[in-house]
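Here is what each chain is made of, one letter per residue.
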Amino acid sequence: GLPAPASVQNGYSLVNRMFDGDLAEASRRCQVPLLAYSALAMGLLTGKMKSKPWPAKSRLQKFPDFGERYKRPRTLAAAAEYQKIADKHGLPLAGIALAFVKGRFFTASTIIGATSVGQLDELSGFFEMKLSKEVQDEIEAINTLYPSPCAQ
């Protein structure tokens, strides 16, 4: 007699695509979409974390014992490859990351971990971004090389 679930909340990003398999299928069949969190991988997919030392106010610096999965060598390598896509196409990496997550058939909405109103304004504008087939194909090529690296 209870209402059906409105969504399921899981981490999902370019470097964490564990939802793509069985959960995506269950999401579709049960009509329970994803409410994605950490779409920017604790800031790793913002374009601000290209080299160390990372910005002092970044989440990965402020919370050194949290987000270990985003500091793994394969995760960092994958993020660097996604940055190359952004640079090649003249797009912000955060825009690619958010547009990718929002564009998935199973995503209802995405939680943005903005730390200021200015950052919220910047990031919210990326949800209207549409990725070209070329960018999507390049994303899939990187995912083939680094499938969900933060989950391994």
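Residues numbered from 1 in each chain as written. Predicted model: local features only at pLDDT ≥ 70, side-chain atom pairs only at ≥ 80, totals over all residues. Heavy atoms only, no water.

### Observations regarding the overall build of the protein chain
- For the protein chain, the helix and strand inventory stands at six helices and three strands.
- The N-to-C order of helical and strand elements in the protein chain reads β-α-β-α-α-α-β-α-α.
- The C-alpha atoms of the protein chain give a radius of gyration of 15 Å, which matches the 15 Å a tight globule of 152 residues would have.
- In terms of overall dimensions, the protein chain has C-alpha extents of about 55 × 35 × 30 Å along its principal axes.
- When the 152 residues of the protein chain are sorted by exposure, 42% land in the buried category.
- For the protein chain, restricting intrachain contacts to residue pairs at least 6 apart in sequence, the fraction spanning at least 24 positions comes to 76%. (Helix = DSSP H or I, 4+ residues; strand = E, 2+ residues; numbered from the N terminus. Rg over C-alpha atoms; globule rule 2.2 N^0.38 Å. Buried < 20%, exposed > 50% of the residue type's maximum accessible area, 1.4 Å probe, protein only. Contact = heavy atoms within 4.5 Å.)

### Describing the confidence of the model for the protein chain
- Model confidence for the protein chain is summarised by a mean pLDDT of 90, while 97% of its residues fall at 70 or above.
- Least confident of the elements in the protein chain is helix α2 (residues 59-62), whose mean pLDDT is 72; most confident is helix α6 (residues 133-145), at 97. (pLDDT = per-residue confidence, 0-100.)

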